[in-house]
Amino acid sequence: MATTPIAQSLNRGGAFLITTSAPEDIFTPADLTDDQRLIAQTAEEFVTKEVLPVVPDLELHKEGLMAGLLKKAGELGLLGGAIPEEYGGSGLDKVSATILAEKLAGYASFAVSHGGHAGIGTIPIVYFGTEEQKKKYLPKMATGEKLSCYCLSEPQAGSDALAARTRAVLSPDGKNWILNGQKMWITNGGFADIYIVFAKVDGEKFSCFIVERGTPGFSAGAEEKKMGIKGSSTVPIFFENSPVPKENLLHEIGRGHIVAFNTLNVGRFSLGAYCLGGAKNVLVAASKYAKERSAFGKPIADFGLIKAKLGEMAIRIYAVESMIYRSAGMVTAAVSEPKSGTDKTQQAMQVLEEYAIESSISKVVGSETVDYCVDEAVQIFGGYGFHEDYPVARAYRDSRINRIFEGTNEINRMLIIQMLMKRAMAGVLPLIPAAMKLAEEVLSGPSFEETPSGALAEEERVLSQAKKIFLLAAGTAVQKYREQLADRQEIVGALANIVMDVYAMESSLRRAQKASALRGDGASVMVDAARVYIYDAMDRIEKEARVALAATADGDTLTTQLAVLRRFSKHNALDTISIRRRVADAVLAQDRYPFEGR
Ligand SMILES: Cc1cc2nc3c(=O)[nH]c(=O)nc-3n(C[C@H](O)[C@H](O)[C@H](O)COP(=O)(O)OP(=O)(O)OC[C@H]3O[C@@H](n4cnc5c(N)ncnc54)[C@H](O)[C@@H]3O)c2cc1C
């Protein structure tokens, strides 16, 4: 099976698994416009000048400080990115929103508070509000005059959000919804003015409401004692016979899940971008420290095992960055396509739904990369990494939450495969014909299809084989378990890992090719990063596929499948140690992530 060139009809979510793309099709950070770079600079300066100097007070929850900073950010236009211009926002395209989120990550608690308001606290009204609701709330949310939050989780209902117990019933005079119940873990809940609250009408129909602070019977509990992101507000919220005006129902009764899941879809994408920014910052700290700290008569940066860490951090950040900006570019392009009969906001929501697989990938890989980086940074700092006076201890604690909120990484891994299967069954994504074609190819023995040639030819071939491995493992699992595949979570997890690595491999490779075409040898370290990622990813993919196949097939069938897997996963040996060192040297030369803006 040769992957087919990308056709417009296949330029859709998840299609990267069965198509091939050209470097010029891929958006990369080198394509950022001057305006987008200016947004990045404004956000970064805001964090440096306004947020970082007051971190000690923020960590102690100094009254009004975080809310005040958000309002200041609003005055600078940093809160209204998701809000269309006609409601006072800046209606940022996805690439601009991504760079904004990334550059606000200098202090994780601020990034989380920003996302709680400008992301998941705002999106529900932008996408689902009536004209009156939009006019009433959005302009004030754009400036920060009113701050918001998103109230979905409950003490007994987190991942299983639809098991919520908070109830809404219409008052006898029909004027108000009466809310009773408790929400849990609400970011910005301690100071917000507007609460996007999910509750079941008559105990059954999951619905969404806009609730204002000051509503009778509404109260916010004490700040939770958290492991990290201590500067952010996280509180429980209580409703006791709280009357919410009838017109504050958001979207339709019984359709609250549509509001909830579409909002989280947007939030997940941004979360990946915040994580990317956090990972870059910790790399800077680790690089500087590795040069300052000496042991055995030389800077620890000179030791191979420290270089391996710095190199690997940069390589993983490069892969995440390549994926996230590629996805942001696809979303931006699709939203800007003229589409008659659909308003721009609805079109944006549909496009984001289309790329929900890529959003989940952004969340999972972003959060696991920043976790990897903070862990290695603590190790580079040694004992000082374990001390609160040094920057990486807080980064280590702050990072951990990202794998838990906005849908845990377990839930997102399952979503990736569920969404792919749903699209395959609906015929939106021709995965089934692709798997059948591969089966024919396997039966007919080794193929003599055209092999790539030129620079990065082996990497190109490895990528194409990785896509076949996904089809082999996924096709076998679907054939065996069919609708019951969802219950085989370990297999689903392995398949999701393959999907994420394939997307990362392709995004890394295309970006390196695009940079090489433009800058020749000037892109050689980026090419190094892409190559190491691809070779290591192929080893991971082979293992995941073996695990999935062994849990699916047995006897002669398994023996045959494993032989095919070995054939597909064969690749040349690469001296990844030397190459990783070169990447580390590029980090150390500048004390920063070496591919910024490239
Ligand atoms: C600091 C912080 C801020 C937060 N901010 C907000 C906010 O602003 N708004 C909001 O609504 N919520 C917020 N949350 C809540 C967060 O979204 C939930 O904690 C999260 O969704 C997980 O839910 P849970 O804690 O109930 O864990 P559970 O759902 O009980 O999960 C526990 C474990 O079981 C796993 N698990 C659960 N179901 C499955 C399954 N079907 N298959 C396999 N594994 C499964 C999970 O992946 C996890 O590892 C926040 C949480 C924290 C800690």
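So, how was this worked out
Just so you know, the residues in each chain are numbered from 1, in the order the chain's sequence is written. Given that the model is predicted, a residue must reach a pLDDT of at least 70 before its local features are reported, and side-chain atom pairs must reach 80 or more before they are shown or counted; all residues, however, enter totals for whole chains, interfaces and linings. Working from all heavy atoms in the structure, the side-chain values ignore hydrogens and water. The secondary structure listing takes helices from DSSP runs of H or I that are at least 4 residues long and strands from runs of E that are at least 2 residues long, numbered from the N terminus. In this setup the radius of gyration rests on C-alpha atoms only. A globule is expected at 2.2 Å times the number of residues raised to 0.38. The buried label goes to any residue with under 20% of its type's maximum accessible area, the exposed label to any with over 50%, and the partly exposed label to all in between, with areas taken from a 1.4 Å probe on protein chains only. Residue contacts follow a heavy-atom distance rule, with two residues in contact if any of their heavy atoms lie within 4.5 Å. Neither His nor the chain ends contribute to the count of charged residues, in which Lys and Arg are positive and Asp and Glu negative. To locate a charge, take NZ of a lysine, CZ of an arginine, CG of an aspartate or CD of a glutamate. The disulfide definition used here is simple: a pair of cysteine sulfur atoms within 2.5 Å. The near set for a molecule or strand comprises every residue that places at least one heavy atom within 4 Å of it. Two N or O atoms count as a polar contact when they lie within 3.5 Å, although within protein this holds only if one can serve as hydrogen donor and the other as acceptor, and sequence-adjacent residues are included solely when both atoms are side-chain atoms. Only the protein chains shown count as cover for residues, with accessible areas throughout obtained via the Shrake-Rupley method and a probe of 1.4 Å. Ten residues, namely Ala, Val, Leu, Ile, Met, Phe, Trp, Tyr, Cys and Pro, are considered nonpolar, four, namely Asp, Glu, Lys and Arg, are considered charged, and the remaining ones, Gly among them, are considered polar. Two strands qualify as a pair provided DSSP detects at least 2 bridges between them. For a helix, the expected span equals 1.5 Å multiplied by the residue count minus one. pLDDT is a residue-level measure of predictor confidence that goes from 0 to 100. What counts as a ring pair is set by centres within 6.5 Å for rings of Phe, Tyr and Trp (its six-membered ring), and what kind of pair is set by the plane angle: stacked under 30 degrees, edge-to-face over 60, tilted for all other angles. For a lysine, the NZ atom is tested; for an arginine, the CZ atom; a charge sits over a ring if that atom is within 6 Å of the ring centre and within 35 degrees of the ring normal. Only the contacting stretch of a helix is used when fitting its axis, a line to C-alpha atoms as for every element, and angles between N-to-C directions run 0 to 180 degrees. With respect to orientation, any angle under 35 degrees is reported as roughly parallel, any angle over 145 as roughly antiparallel, any angle of 65 to 115 as roughly perpendicular, and every other angle as oblique. Like charges within 9 Å and nonpolar side chains (Val, Leu, Ile, Met, Phe, Trp, Tyr) within 5 Å are joined into patches, using only residues over 30% in relative accessible area that form no salt bridge. When a carboxyl oxygen of Asp or Glu lies within 4 Å of a side-chain nitrogen of Lys or Arg, that pair is called a salt bridge. If you view the pair so one helix is near and one far, a crossing is left-handed when the near helix is turned anticlockwise from the far one by less than a right angle, and right-handed when it is turned clockwise.

Q: It is not clear to me how the overall build of the protein should be interpreted in this structure. Could you clarify?
A: Assigned secondary structure in the protein consists of 19 helices and 12 strands. Expected size for 598 residues packed as a compact globule is a radius of gyration near 25 Å; at 24 Å, the protein falls within 12% of this value. With the principal axes as the frame, the protein shows a C-alpha extent of 75 × 60 × 45 Å. Here the protein, with 598 residues, has 57% of them falling under the buried criterion. Within the protein, counting contacts between residues at least 6 apart in sequence, those at least 24 apart form 77% of the total. Counting 68 positive and 73 negative side-chain charges, the protein places the centres of these two groups 2 Å from one another.

Q: Explanation requested: the state of the cysteines in the structure shown.
A: Disulfide: a covalent bond formed between the sulfur atoms of two cysteine residues. Throughout the structure, instances matching the rule amount to zero disulfides. Here Cys 149 is not disulfide-linked; the sulfur of Cys 151 is the nearest cysteine sulfur, at 3.9 Å. Cys 149 sits in the buried class, given a relative accessible area of 0%. Cys 373 provides the cysteine sulfur closest to Cys 275, a residue in no disulfide bond, and the two sulfurs are 10 Å apart.

Q: Looking at this structure, how should I read the site of the ligand?
A: Taken together, 20 residues lie near the ligand, and Ser 153, Ser 159, Trp 185, Thr 408 and Glu 410 sit nearest. Backbone polar atom of Leu 152 to an oxygen atom of the ligand: 2.9 Å apart, as the coordinates give it. Between an oxygen atom of the ligand and a side-chain N or O atom of Thr 408, the distance comes to 2.7 Å. The fraction of the free accessible surface of the ligand (970 Å²) that becomes covered by protein chains is 68%. Looking at the shell around the ligand, the elements with two or more residues in it are strand 3 (148–151), strand 5 (176–187) and helix 13 (409–425). Here the residues of the shell around the ligand sort into 11 nonpolar, seven polar and two charged.

Q: Which parts of the structure should I look at to understand the side chain of Ser 359?
A: Along the polypeptide, Ser 359 turns up in helix 11 (residues 356–381). A polar contact of 3.2 Å, which involves the side chain of Ser 359, links it to the side chain of Asn 265. When residues no more than four places from it in sequence are discounted, the contact partners of Ser 359 are Asn 265, Arg 268 and Phe 269.

Q: Explain the pairing of strand 5 here, please?
A: Looking along a regular strand, one sees side chains alternate from face to face of the sheet. In the sheet, strand 4 (residues 167–170) pairs with strand 5 via four bridges, with the strands oriented antiparallel. Each bridged residue has a counterpart across the sheet, and for Leu 170 the counterpart in strand 5 is Trp 177. Here strand 5 pairs with strand 9 (residues 234–245) via nine bridges, running antiparallel. By the bridge assignment, Gly 181 is partnered in strand 9 with Phe 239.

Q: Even after reading the chapter, I still don't get the environment of Ala 157, so can you show me in this structure?
A: By the secondary structure assignment, Ala 157 is in the loop between strand 3 and strand 4. Under the relative-accessibility criterion, Ala 157 is labelled buried at 1%. C-alpha of Ala 157 to C-alpha of Leu 147: the two residues are 10 residues apart in sequence and 25 Å apart in space. Residues within four places of Ala 157 in sequence aside, it is in contact with Ala 163 and Ala 164.

Q: Just checking my understanding: could you explain unusual backbone geometry for this structure?
A: Trans peptide bonds make up most of the peptide bonds, and negative phi angles are found at most residues other than glycine. Although it is not a glycine, Asp 202 sits at a positive phi angle of roughly 55°. When its relative accessible area of 45% is taken as the criterion, Asp 202 is described as partly exposed.

Q: So what exactly am I meant to see when it comes to helix 13 here?
A: Every α-helical turn comprises 3.6 residues, leaving residues that sit three or four positions apart pointing alike. Over its 17 residues, helix 13 extends 24 Å from the first C-alpha to the last, a length consistent with the 24 Å expected when each residue adds 1.5 Å. Within helix 13, 12 of the 17 residues are buried, which leaves the element mostly enclosed by the surrounding structure. Where helix 13 is buried, its residues touch helix 8 (256–292), helix 10 (344–354), helix 11, helix 14 (431–443), helix 15 (457–481) and helix 16 (489–519). Following helix 13 by one or two positions, Gly 427 adopts a phi angle in the positive range, close to 80°.

Q: Just checking my understanding: could you explain the confidence of the model for the protein for this structure?
A: Fine structural detail should not be taken from predicted coordinates in areas where pLDDT scores are low. Mean pLDDT over the protein: 95, with 97% of residues reaching 70 or higher. Scored below 50 in pLDDT, residues 1–9 makes 22 contacts in the model with residues more than four places away or belonging to other chains.

Q: Explain the packing of aromatic side chains here, please?
A: Aromatic rings in a pair are described by how distant their centres are and how their planes are angled relative to each other. Scanning the model with the defined rule gives 14 aromatic pairs in all. Arranged with centres 5.7 Å apart and planes meeting at 45°, the rings of Phe 46 and Phe 110 form a pair that is tilted. Taken together, the positions of Phe 46 in helix 1 (residues 34–51) and Phe 110 in helix 5 (residues 108–119) put the pair 64 residues apart, joining distant regions of the chain. Judged by its relative accessible area of 0%, Phe 110 falls in the buried class. Grouping aromatic residues by their ring pairs yields a cluster made of Tyr 289, Phe 381, Tyr 384 and Tyr 390. The ring of Tyr 372 carries Arg 316 above its face, with NZ or CZ at 3.7 Å from the centroid.

Q: Please clarify how the packing of helix 17 (residues 524–550) against helix 18 (residues 555–569) should be interpreted in this entry.
A: The relative placement of two packed helices is expressed as an angle between their axes plus a distance between the axes. In the contact formed by helix 17 and helix 18, the axes pass within 10 Å of each other and the chain directions differ by 170°. In terms of orientation, helix 17 lies roughly antiparallel with respect to helix 18. Residues Met 538, Glu 542, Ala 545, Arg 546, Leu 549 and Ala 550 of helix 17 form the contact with helix 18, whose participating residues are Leu 558, Gln 561, Leu 562, Leu 565, Arg 566, Phe 568 and Ser 569. Partitioning the contact of helix 17 with helix 18 into residue classes produces eight nonpolar, two polar and three charged.

Q: Explain a nonpolar patch on the surface to me, please; I cannot follow it from the model alone.
A: Taken together, the side chains of Met 425, Ile 432 and Met 436 present a nonpolar region at the surface, about 320 Å² in accessible area. Among the structural elements, Ile 432 can be located in helix 14.

Q: Can you walk me through the environment of Thr 345 in this structure?
A: Relative to the helices and strands, Thr 345 resides in helix 10. Taking the C-alpha atoms as reference points, Thr 345 and Leu 463, separated by 118 residues in sequence, lie 36 Å from one another. With residues near it in sequence (within four places) discarded, Thr 345 still touches Pro 84, Val 126 and Tyr 127.

Q: What is the right way to read the packing of helix 9 (residues 304–336) against helix 10 from this model?
A: Here helix 9 crosses helix 10 at 145°, and the two axes come no closer than 9 Å. The two elements helix 9 and helix 10 cross, and the hand of that crossing is right-handed. Residues Val 331, Ala 334, Val 335 and Ser 336 of helix 9 form the contact with helix 10, whose participating residues are Lys 344, Gln 347, Ala 348, Val 351 and Leu 352. Residues that form the contact of helix 9 with helix 10 fall into these classes: six nonpolar, two polar and one charged.

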